[in-house]
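# Summary of structural features
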Amino acid sequence: MNDRGHIASAFDRDLEGIQALIMKMGGLVEEQITSAVQSLEERDVERAERVRERDKHIDQLEDDVNTEAARVIALRAPTAMDLRVVLSVMKISSNLERIGDYSKNIAKRTGILVQMDPMGSSAGAIRRMAKTVNLMLKDALDAYVQHDVELALAVRDRDVDVDQMYNALFREFITHMMEDPRNITACMHLHFIAKNIERMGDHVTSIAEQVIYLVTGEMPDEERTKKDRTSIVAE
Amino acid sequence: MNDMRFTERNVDSTEIKIRAKNVDVFYGETHAIKGVDVDIPEKTVTAFIGPSGCGKSTFLRCLNRMNDTIDTCRVTGDIKLDDEDIYDKRVDPVQLRAKVGMVFQKPNPFPKSIYDNVAYGPRIHGLAGNKAELDQIVEKSLRRAALWGEVKDRLDAPGTGLSGGQQQRLCIARAVATEPEVLLMDEPCSALDPIATAQVEELIDELRARYSVVIVTHSMQQAARVSQKTAFFHLGELVEFGETGAIFTKPEDPRTESYITGRIG
Amino acid sequence: MTDATSGDGTSQPPRKASLLELDARTKKRNAAEARFRTYGLVAVCAGLVALVVLMVSIVNNGAGAFSQTFVTLQVELPADRLDKSGNRNPDEMRAVSTFGYSPLIAAAVVRALEENGISIEGLSAKDAGGIISKEAPAQLRNFVLANPQTLDTTREFTFLANGRIDGYYKGRVTFASAEMDKNVSPAQLQLADALLEIGVLESKFNTLFFTSPDASGQRPEAAGLGVAIIGSLYMMLIVLALALPIGVAASIYLEEFAPKNRLTDLIEVNIANLAAVPSIVFGILGLAIFINFAGLPQSAPIVGGLVLTLMTLPTIIIATRASLKSVPPSIRQAALGIGASKMQSVFHHVLPLAAPGILTGTIIGLAQALGETAPLLLIGMVAFVREFPAGPPQGFFDPASALPVQVYNWTQRSDPAFVERASGAIIVLLVFLILMNAIAVLLRRRFERRW
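These numbers come from a predicted model, not from an experiment.

Okay, the overall build of chain C next. The helix and strand inventory of chain C stands at 19 helices and three strands. Relative to the globule expectation of 22 Å for 451 residues, the C-alpha radius of gyration of chain C, 33 Å, shows a markedly less compact shape. C-alpha extents for chain C along the principal axes are approximately 125 × 65 × 40 Å. Counting across all 451 residues of chain C, residues that qualify as buried make up 38%. Relative to all contacts within chain C whose residues are 6 or more apart in sequence, the contacts with residues 24 or more apart total 78%.

Turning our attention to the overall build of chain B. Broken down by element type, chain B carries eleven helices and ten strands. Relative to a compact globule of 265 residues, whose C-alpha radius of gyration would be 18 Å, chain B shows 19 Å and is just as compact. By its C-alpha atoms, chain B is 55 × 55 × 30 Å across when sized along the principal axes. Across the 265 residues in chain B, those meeting the buried criterion constitute 48%.

With that settled, consider the interface of chain A and chain B. Taken together, the contacts link 18 residues of chain A with 18 residues of chain B. When the residues that make up the side of chain A that touches chain B are grouped by side-chain class, the tally is ten nonpolar, three polar and five charged.

On the chain C side, the residues contacting the 22 residues of chain B number 16 residues. Looking at the side of chain B that touches chain C, the elements that each hand over two or more residues are helix H3 (93-99), strand E6 (100-103), helix H4 (114-125) and helix H7 (164-176) of chain B.

Our focus in this paragraph is the confidence of the model for chain B. Mean pLDDT over chain B: 89, with 95% of residues reaching 70 or higher. Contacts for the low-pLDDT stretch residues 1-9 of chain B, under 50 throughout, to residues beyond four places or in other chains number 13 contacts.

Now for the sheet that holds strand E1 (residues 67-76) of chain C. Residue and element names in this part refer to chain C. The strand order across the open sheet formed by three strands is E2-E1-E3, and the pairing between neighbours is antiparallel. The open sheet has two edge strands, strand E2 (154-160) and strand E3 (201-205), and neither has a second partner. For this sheet the average axis-to-axis angle between neighbouring strands, irrespective of direction, equals 35 degrees. Here E1 runs beside E2; their pairing, made up of seven bridges, is antiparallel.

The next subject is the pairing of strand E10 (residues 237-243) of chain B. All names here are of chain B. Examined bridge by bridge, strand E9 (residues 229-234) and E10 share six bridges and lie antiparallel to one another. Of the residues in E10, the one forming a bridge with His234 is Glu237. Counted between consecutive antiparallel strands, the loop separating E9 from E10 contains two residues, among which Leu235 sits at a positive phi close to 50 degrees.

Before going further, it helps to spend a moment on the packing of H4 of chain B against H7 of chain B. All names here are of chain B. In the contact formed by H4 and H7, the axes pass within 7 Å of each other and the chain directions differ by 30 degrees. Overall, the two elements H4 and H7 adopt an arrangement that is roughly parallel. Residues Ile114, Asn117, Val118 and Gly121 of H4 pack against Leu170, Ala173 and Arg174 of H7. In terms of residue class, the contact of H4 with H7 is built from four nonpolar, two polar and one charged.

Grouped together as the largest cluster of nonpolar side chains are 137 residues, with contacts concentrated most on Val133 and Ala140 of chain A. Among the elements that line this core, the one with the most residues is helix H6 (residues 184-216) of chain A, at 13 residues.

For helix H1 (residues 9-42) of chain A, which comprises 34 residues, the first-to-last C-alpha distance of 49 Å matches the rise-based estimate of 50 Å (1.5 Å per residue) to within 8%. Immediately beyond the C-terminal end of H1 of chain A, within one or two residues, lies Arg43 of chain A, with a positive phi of roughly 55 degrees.

Residue and element names in this part refer to chain B. Of all the five residues making up strand E8 (residues 212-216), five are buried; the element is thus mostly covered by neighbouring parts of the structure. Because side chains alternate across E8, one face comprises the buried residues Ser212, Val214 and Val216, and the other comprises Val213 and Ile215, equally buried. Summarising the sheet, strand E7 (residues 182-186) and E8 pair through five bridges and their orientation is parallel. Opposite Leu184, over in E8, you have Val214 as the bridge partner.

A word on the packing of H4 of chain B against helix H5 (residues 131-144) of chain B. Residues and elements named next belong to chain B. Relative orientation of the contacting elements H4 and H5 amounts to 110 degrees, with a least axis distance of 9 Å. Viewed along their axes, H4 and H5 adopt a mutual orientation that is roughly perpendicular. Relative to H5, the crossing made by H4 is right-handed. In this structure, H4 uses Tyr115, Val118, Ala119 and Pro122 to contact H5, whose residues at the interface are Leu134, Ile137, Val138, Ser141 and Leu142.

All names here are of chain B. Mapped onto the fold, Ala231 is located in strand E9. We classify Ala231 as buried; it has 25 C-beta atoms within 10 Å. Sequence-wise, Ala231 and Lys56 are 175 residues apart; in three dimensions their C-alpha atoms are separated by 9.2 Å. Other than its neighbours up to four places away in sequence, Ala231 contacts Val38, Thr46, Phe48, Leu238 and Phe241.

Now for helix H8 (residues 194-207) of chain B. All names here are of chain B. A rise of 1.5 Å per residue sets the reference length of H8, with its 14 residues, at 20 Å; its end C-alpha atoms lie 20 Å apart and thus fit the reference within 8%. Considered for burial, the residues of H8 that qualify are Ala196, Thr197, Gln199, Val200, Glu201, Leu203, Ile204 and Leu207. In the core, the buried residues of H8 are packed alongside strand E3 (45-49), H7, E7, E8 and helix H9 (220-226).

All names here are of chain A. Phi is positive for Arg43, which is not a glycine, with a value near 55 degrees. Looking at the element boundaries, Arg43 is found in the loop between H1 and helix H2 (45-76). Among the residues examined, Arg43 registers 14 C-beta atoms within 10 Å and is labelled partly exposed.

Glancing now at the sheet that holds strand E2 (residues 30-41) of chain B. Strand order in the open sheet formed by four strands is E2-E1-E4-E5 (chain B), and the pairing between neighbours is antiparallel. Strands with a single pairing partner mark the edges of an open sheet, and in this sheet they are E2 and strand E5 (84-85) of chain B.

Model confidence for chain C is summarised by a mean pLDDT of 85, while 96% of its residues fall at 70 or above. Complex prediction metrics read pTM 0.75 and ipTM 0.86.

On to the environment of Ala198 of chain B, then. For Ala198 of chain B, the position within the fold is in helix H8. Discounting chain neighbours no more than four positions away, the residues touching Ala198 of chain B are Ile7 and Ala8 of chain A.

All names here are of chain C. As for its placement among the helices and strands, Glu156 is situated in strand E2. The spacing of Glu156 and Ala354 is 198 residues in sequence and 58 Å in space, taken between C-alpha atoms. Once residues lying within four places of it in the same chain are set aside, the contact partners of Glu156 are Thr72 and Gln74.

Thresholds applied
- Residue indices follow the written sequence of each chain, beginning from 1 at its first position.
- Numbering of ligands from 1 and lettering of chains from A proceed in the order in which they are written.
- Per-residue local features of the predicted model are confined to residues with pLDDT of at least 70, and side-chain atom pairs are confined, for both listing and counting, to 80 or more; whole-chain, interface and lining totals are unaffected and use all residues.
- Per the convention used, a helix needs a DSSP run of H or I reaching at least four residues, while a strand needs a run of E reaching at least two, with both numbered from the N terminus.
- Put simply, the radius of gyration uses C-alpha atoms, and a globule should come to 2.2 Å times the residue count raised to 0.38.
- Neighbour counting defines burial: a residue surrounded by 20 or more other C-beta atoms within 10 Å of its own C-beta is buried, one with 12 or fewer is exposed, and intermediate counts give partly exposed, using backbone-placed C-beta atoms.
- We call two residues in contact whenever the C-beta atoms placed from their backbones are within 7 Å.
- Polar here means any residue outside two lists: the nonpolar Ala, Val, Leu, Ile, Met, Phe, Trp, Tyr, Cys and Pro, and the charged Asp, Glu, Lys and Arg; Gly therefore counts as polar.
- Across the chain, each position has a pLDDT score giving the predictor's confidence in that residue, from 0 to 100.
- Strand pairing requires that DSSP identify at least two bridges connecting the strands.
- For every element, the axis is a line fit to its C-alpha atoms; helices are fit only across the contacting stretch, and the angle between N-to-C directions ranges from 0 to 180 degrees.
- Every angle not falling under 35 degrees, over 145, or within 65 to 115 is termed oblique; those three ranges are roughly parallel, roughly antiparallel and roughly perpendicular.
- Any nonpolar core is a set of buried residues, restricted to Ala, Val, Leu, Ile, Met, Phe, Trp, Tyr and Cys, that join up through C-beta atoms within 7 Å.
- How far a helix is expected to stretch is found by multiplying one less than its residue total by 1.5 Å.
- For any pair of crossing helices, the crossing counts as left-handed if the nearer helix is rotated counterclockwise from the farther one by less than a right angle, and right-handed if it is rotated clockwise.

Structure, rendered in structure tokens:
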């Protein structure tokens with residue numbers, strides 16, 4: 001790790017600037033996830049509305065990151081680690097923006113779900129899933145800041161848990177829907193919410209992989225353990 | 001982490017230091033500069049880029065009337081420094097050059113001591129009343145050129161004994177010793193190795209807090225790194241002039257784009 | 001796509017030559033180069049041989065001039081013969097001419113013989129006195145007139161021996177030639193040998209060669225370069241004082257300030273041509289202008305100095321221009337960029353850097369001027385000058401001689417002793433020239449800077 005700054009201090013400032021944007025974005029996204037799931041649990045329509053509003057900020061930040069990254073590449077012609085910083089930042093912002101979009105989607109579906117009867121048990125599982133993903137995101141961002149490959153690898157492995165939680169929820173929803181056809185609408189929405197969270201986990205994993213690319217220069221080549229078997233096994 | 005740093009890099013001021021309007025330069029029969037209009041902002045680094053022979057150095061030398069020393073050169077048009085025409089008959093080029101300093105391509109310290117190199121300008125312009133004041137000016141200039149730490153114990157050593165990058169910083173110190181308002185730099189790093197170049201570029205970034213800097217460079221990457229405004233010259237014309245980030249990410253004129261992407265020489 | 005040169009593809013590829021064998025062209029070329037190197041070497045050797053022969057012959061001929069035979073005698077100074085009035089008044093004592101003093105010297109020689117018990121056959125007292133130079137009575141008289149209190153004492157004096165005696169010890173005069181020579185007799189030679197044995201006569205280093213003025217044909221032993229050296233020195237001073245400022249100023253103007261048009265080109269061409277003009281033409285010029293028109297005294301260092309200045313100016317101007325040109329324009333640009341005026345940039349920066357070259361050019365110009373003879377002959381510096389010119393500045397107007405002219409002068413005289421002295425003068429001249437050139441080289445080395 002090269003701790004010395006560039007002779008041109010403005011270059012350091014540029015790089016720190018875009019990384020600061022990512023951290024800001026990450027903080028916002030973490031908050032969005034928490035807020036969205038909380039609004040679902042508490043059936044809080046106003047909170048859901050606020051989540052949908054705030055997504056604009058995240059989109060704007062992604063724009064900013066892309067503009068700044070293009071500018072740094074054009075003006076500084078970064079190489080080696082500096083280049084990987086810029087490239088990884090662009091990928092990470094894209095992933096964060098998608099995670100933000102999923103949060104917005106959850107909030108949207110929450111708005112619909114509150115008009116129906118509460119579905120009790122699954123809310124807790126969803127909350128647990130979201131919490132796991134949120135922790136993964138926090139760790140991934142920490143790994144990014146600290147250039148910690150071990151932590152990033154660990155995050156990558158935890159995606160297994162998220163996938164398994166999703167599988168469980170999937171079976172639960174199928175059961176519910178078979179029990180009572182009137183549950184279908186609600187369960188479908190809840191299912192999509194669960195799928196969104198599972199996809200969030202995949203994006204966080206992608207962020208962790210970018211961290212590994214940033215530090216080592218190579219994408220991790222082991223197959224990411226995918227425990228989501230729902231597309232393979234027709235149960 | 002402070003993400004507000006982006007604003008430091010942008011053009012800090014909108015005051016115009018030098019206004020050039022419809023400037024034409026002829027070398028005998030050759031029409032070297034054709035109708036150039038450009039406004040050099042205050043306390044900013046402005047870069048002139050363009051292929052060889054496009055006239056950027058010629059135009060730079062108009063700004064401190066160095067072209068006067070060439071017999072066949074004729075300059076028409078309007079160039080105003082702080083709203084005063086520098087080609088007015090009442091203006092003494094010698095006095096103008098104390099206000100508009102110049103640093104050249106090849107470092108050219110005088111073959112005197114480091115102290116005398118920096119002190120020469122203040123001496124002939126009478127800027128110091130006694131030795132103590134002169135010492136202060138020399139120290140201040142060397143500090144501003146980021147050279148003081150390296151030479152403070154050997155001010156009597158000959159200026160030509162320094163390394164290339166140090167010599168160029170000495171020339172910069174010499175130029176700022178006369179308290180200029182504008183610094184003109186004609187390819188100041190082309191004779192230097194990459195590390196020395198980076199040091200001088202960092203210095204230029206610091207200098208813009210005090211002086212308006214105009215730098216001619218044949219390396220557009222250098223212009224990208226160091227300047228806030230960039231002017232692209234081609235065949236004697238000013239093709240495009242704008243904020244550096246915009247020129248290098250989305251230039252307006254197709255000629256600019258061709259040059260920057262390396263499609264024309 | 002390349003053109004295949006082998007047509008049908010069945011011919012053999014050309015056999016590659018081995019690097020270890022030289023082909024014919026290379027051998028011929030090497031031979032030619034070796035021949036050329038030999039020619040060069042032969043040329044250099046020929047030059048060196050000529051130089052060595054020249055040096056050896058000069059030194060052989062001239063070395064003798066640096067040693068001279070002296071006789072140390074105790075001379076009585078009787079007051080009754082030298083101061084008739086007894087008042088010790090130099091003005092009255094002047095009435096006694098050198099004729100009054102020569103017998104004293106002869107008496108001293110005789111006494112020296114008697115004291116040491118030497119007797120030589122066929123030697124009269126006059127002959128005995130004859131081995132002493134004819135300069136000696138004048139020398140004695142000058143001393144007595146300057147120090148009248150020494151009358152009636154016996155003092156030791158060192159006199160030059162007669163030119164023939166000196167020649168005897170240098171191999172020019174032998175007993176055989178002395179028989180036929182009216183200026184010296186074999187008896188005098190014997191006397192000289194006897195005095196040599198007792199230590200009264202000896203050969204030692206001749207500082208008089210440098211300090212005494214020229215002497216007449218009768219007294220080659222007393223002839224010296226004193227006046228010539230002073231004359232040359234004065235002329236060098238004048239040349240330095242005039243040619244250097246004028247030449248440097250003209251050069252600076254032409255190089256830095258003059259507009260580059262046809263007129264300045266014309267001037268430059270003419271200056272270069274001036275350097276090629278034969279020096280005797282300058283002599284005629286000097287005669288016409290300085291002596292006939294301006295009425296300056298003939299034979300004076302001022303006229304010689306002015307003529308030599310005219311001759312040296314082109315050299316200095318050309319050398320100064322070359323040095324000014326060699327200062328890189330980046331220095332001038334740097335000075336102008338800081339806000340120095342043209343004048344300031346020239347005087348503060350260009351001139352100091354060009355100074356070594358200017359200095360070297362000046363010294364070389366001076367060295368050339370030192371050795372110039374032709375113009376000086378025309379303005380009359382070839383005269384026989386016995387008195388030293390006065391100190392500057394009025395000394396510039398007194399008649400004087402010059403080193404190379406003195407050489408010419410002496411070679412015109414019949415006495416072979418003068419040939420030796422001429423060669424000695426040549427050696428002195430050469431030493432000065434070598435010294436000046438060495439100083440020029442040293443100065444150039446010391447002040448040469450690298451930019």
